[in-house]
Every structure is written in C-alpha cells, then in structure tokens.
Amino acid sequence: MGPLRALGRSLRVTPLRLCLMTVAALAVLAPGTAASADPSIAEIEKQIDTQWNSLEPLIEDYNRVHSQLKTNQTKVAELEKTLRPLQLEIDLALSRVGGIAANAYKSGSASTLSALLNSGSPDSLLDQLSVLNQISRKQLESISAVKTTRDKFLGDKLALDTLVGQLAAQDTDLAGKKKSIESQIASLQTLRQKVYGTAGAVGELRPVNCPYEYIGGAAGAAAAKACAQISKKYVYGSAGPTTFDCSGLTMYAWAGGKSLPHNAKDQYNQITKVTRSTLRTGDLIFYGSPIHHVSLYVGGGWMVHAPRSGDVVRMAKIDGPGTPSGYGRPVA
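Residues numbered from 1 in each chain as written. Predicted model: local features only at pLDDT ≥ 70, side-chain atom pairs only at ≥ 80, totals over all residues. Heavy atoms only, no water.

Visitor: So, the overall build of the protein chain: which residues are in play, and what are the values?
Guide: The helix and strand inventory of the protein chain stands at 10 helices and 8 strands. Looking at the protein chain as a whole, 35% of its 332 residues are labelled buried. Carbon and sulfur atoms make up 58% of the accessible area of the protein chain, which totals about 19200 Å². (Helix = DSSP H or I, 4+ residues; strand = E, 2+ residues; numbered from the N terminus. Buried < 20%, exposed > 50% of the residue type's maximum accessible area, 1.4 Å probe, protein only. Areas by Shrake-Rupley, 256 points an atom, 1.4 Å probe, with all protein chains shown as cover.)

Written out as structure tokens, the structure is:
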C-alpha cells in the first residue's frame, strides 16, 4: 500500500465516529442545563417558608413598636396642650405681681422696696424677691405652685421625648428590615408564578394556581387546605371533610391554627380586623350587612369559598359575591 493511500485511510472519518465526536464537543462547549434550570415549586415554597418565618416575628415587633410610638406621640401632644395654659397662668400671675408692686410704689407704701431696688444694698435677686413676696405673698405662692406643676409636666415630657426618639429609631429600623424581607418574598412569588404557570388551573373552578400567593405558617397551611377542597359540594350546615358551607370551609381550613365558630358573623367578631389594602393569604373576607358569607383569601385578588346550595367550593375574585363588608385575620 502506497504512503498516500495509507494517509487517506487514516484521515477517513466514519459516521459513527463523527457522531461521537460531535456529542463530545457539545458536552465540552455547552453549559450544564441542570445548573441553570428554574427551581421547583417545592423549593421556592421552602424558600418562602424560610423568609416568612423571619418576617412574621418581625411584623409583630414592628406592630408593637409602631403602636407604642403612636401612643407616646399622642401623650406628648397631650402634655404640650397641658403645658400651654400652665405657662400662660404663670405669665399672668407674674404680670399681676408686677402691677401690685407698681401700684405700691406709686402710692408710697413701697418705700422699703424703693430703697432696696435703688440703693443697691441687696446681695442678690432673692433679696429683692423677698420684698415682692411681702407685697404679694399669695400671688407668689400661686406662681410657685403652678411652676411646680409645670416643671413636673416638663420632666414628664422630656422623658417621653427621649422614649419617642428611641421608638422612632426602632420603628425606622424594623420598617426597613420588614420592607427588605417583603421584597425578597415578592421576588420569590414572581418566580413561583413563572414556574407554576397554568399547572394549577382546573377550568373555571381553579382558573389560576391555588394559593395564588404562598406564605408560610398557619395562614399558608389554611390557604393550602382551603384550596384542596375545590370542587367539593356546598351543603348547608356542613364543615367537611366532603361537603361544606361557607363558614364550615373557613373553620375547616383554619382548624390546625385557629379554632373558629361555625358562623360567618361569629368568625368576624372573634378575629383581628384588617383592611383590604393589608390583606394577605389566609385572611378571611366577609360579605353582607348583617354578615352572612365568608371566604378565605389566597392572594392576587383571589379567594376560595363555598358559594351556595347547588354549587361547589371554587376560586373567585374577591368582589365576585359583591363588595366585601369586612376583613379579618385569625391569629394562630
């Protein structure tokens, strides 16, 4: 075999060899897809659980400090109102004493005062004030009493001002930490929606994933439990596990974290009131006047409820049954 033929044969590449070489090249050049893949729903919810466990006690601390701050700011304002008339009373009393002294001087009955004030013999202002005291002892005693009261209030106000300053600093610090964690949770919620997609949708009963916004703790567990009841029949007076009425559903969902009565109005009366703007997953939404319907909020403007006889447990927008008449948060 000639040298040229041998060289040609050594350079010839079979299809199998070409395929293997291509795969090897791609393995070297392409980054690992597993490393860049989005986390799973379970992983995201675990991260939200971790963040929520940090946020919930922080919210309680913030609420406590913020409430104390508002209370003490109100006390400071009340003390300032009290101090104004006290100072005015002192000013008026001093003015009256001055008038008495002037009249005494004009009438000639204040020769001793005149001598003291003009001779320069007193060693201090206290000597001069003692003469004024002889002229109007009762007025000076009145001034002293009012001044003592004023000084007490001024001392109280100084202590409150110091406390308010400390609380304001804590309030600002906690608000910043709270906002930071809430921002992290919001980012995780966005990622959760992206990964979840429409996987949680079940037609009109569950048009979006449920809960729409996941949180940790008892509230998150209540929301997940309510979502799990979707498609079960409405039966008046029932509270699960196979059929529900409206308050029976919320009572059943919250059973692991808060004992609720089987009545919408009674539930409203026994839980902490919140506003629409502060609604979070797990809160209860009430309807009617008087209240006769209740649902459980699952985030994103969505709720889960047992609507009426002939219907089933389903998701709906919170204004679906009409304008809500109240909002509440069971405290686990």
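Read on for the rest.
Visitor: Give a detailed account of the state of the cysteines, specifying residues and quantitative values.
Guide: Throughout the structure, instances matching the rule amount to 1 disulfide. The disulfide bridge from Cys210 ends at Cys227, spanning 1.9 Å between sulfur atoms. The sign of the S-S torsion, about -70 degrees, decides the handedness of the disulfide formed by Cys210 and Cys227: left-handed. Taken together, the residues Cys210 in the loop between helix H7 (137-196) and helix H8 (217-227) and Cys227 in helix H8 connect sequence positions 17 residues apart. The residues Cys210 and Cys227 share a single accessibility class, namely buried. (Disulfide = S-S within 2.5 Å.)

Visitor: Just give me the short version of the pattern of salt bridges, but keep the residues and values in it.
Guide: Tallied over the full model, the rule gives 6 salt bridges. Measuring nitrogen to oxygen at the nearest pair gives 2.7 Å for the salt bridge that ties Arg276 to Asp319. Placement of the pair is Arg276 in the loop between strand S3 (272-273) and strand S4 (284-287) and Asp319 in the loop between strand S7 (314-317) and strand S8 (326-329), with a sequence separation of 43 residues. Classification of Arg276 by relative accessible area gives partly exposed; the value is 38%. Sharing partners across several salt bridges, the network here consists of Arg308, Asp311 and Arg314. (Salt bridge = Lys/Arg side-chain N within 4 Å of Asp/Glu carboxyl O.)

Visitor: Hey, could you go over the sheet that holds strand S5 (residues 293-299) for me, with residue numbers and the actual values?
Guide: In spatial order, the strands read S3-S8-S4-S5-S6-S7; together these 6 strands make up an open sheet with antiparallel pairing. A strand with exactly one partner marks an edge of an open sheet, and here the two such strands are S3 and S7. Relative to S5, S4 runs antiparallel, the two being bridged by 4 bridges. Within S5, the position partnered with Phe286 by the bridge is Val294. In the packing of H8 onto the sheet, contacts are made with S5 and strand S6 (302-305), and the angle to S5 comes to roughly 110 degrees. The strands touched by helix H9 (residues 246-253) within the sheet are S4, S5 and S6, with S5 carrying the most contacts at an inclination of about 45 degrees. (Pairing = 2+ DSSP bridges. Contact = heavy atoms within 4.5 Å. Axes fitted to C-alpha atoms, helices over the stretch in contact; angles between N-to-C directions.)

Visitor: For the pairing of S6, give the residues involved together with the corresponding values.
Guide: Residues Trp302 and Val304 point to one face of S6 and Met303 and His305 to the other, with burial holding for every one of them. Two elements, S5 and S6, share 3 bridges in a ladder whose sense is antiparallel. Note that in S6 the partner of Leu296 across the bridge is Val304. As consecutive antiparallel partners, S5 and S6 are separated by 2 residues, and within that stretch Gly300 has a phi angle of approximately 65 degrees, a positive value.

Visitor: Describe the environment of Lys225, and please don't skip the residues or the numbers.
Guide: Among the secondary structure elements, Lys225 is positioned in helix H8. It is 5.3 Å that separates the C-alpha atoms of Lys225 and Ala253, two residues lying 28 residues apart in sequence. When near neighbours in sequence (up to four residues on either side) are disregarded, Lys225 contacts Tyr252, Ala253 and Ala255. In this structure the side chain of Lys225 is engaged in a polar contact, spanning 3.2 Å, whose partner is the backbone oxygen of Tyr252. (Polar contact = N/O pair within 3.5 Å; in protein donor to acceptor, adjacent residues only side chain to side chain.)

Visitor: Let's hear about the packing of aromatic side chains: which residues, and what values?
Guide: Under the criterion given, the structure shown has 2 aromatic pairs. For the ring pair Phe244 and Tyr252, a centre distance of 5.1 Å and an interplane angle of 65 degrees mean the geometry is edge-to-face. Given a relative accessible area of 23%, Tyr252 falls into the partly exposed group. With 5.1 Å between their ring centres and 75 degrees between their planes, Tyr268 and Phe286 make a pair best called edge-to-face. Separated by 18 residues along the polypeptide, Tyr268 in helix H10 (residues 264-270) and Phe286 in strand S4 bring together distant segments of the chain. Just above the ring of Tyr62 sits the side chain of Lys178; from NZ or CZ to the centre is 5.2 Å. (Phe/Tyr/Trp six-rings, centres within 6.5 Å; stacked < 30°, edge-to-face > 60°. Lys NZ or Arg CZ within 6 Å of the ring centre and 35° of its normal.)

Visitor: With reference to specific residues and values, describe the confidence of the model for the protein chain.
Guide: In this model, the protein chain carries an average pLDDT of 76, and 68% of its residues clear a pLDDT of 70 or more. A low-confidence stretch, residues 121-125 stays under pLDDT 50, and its non-local contacts, those more than four residues away or across chains, total 4 contacts. (pLDDT = per-residue confidence, 0-100.)

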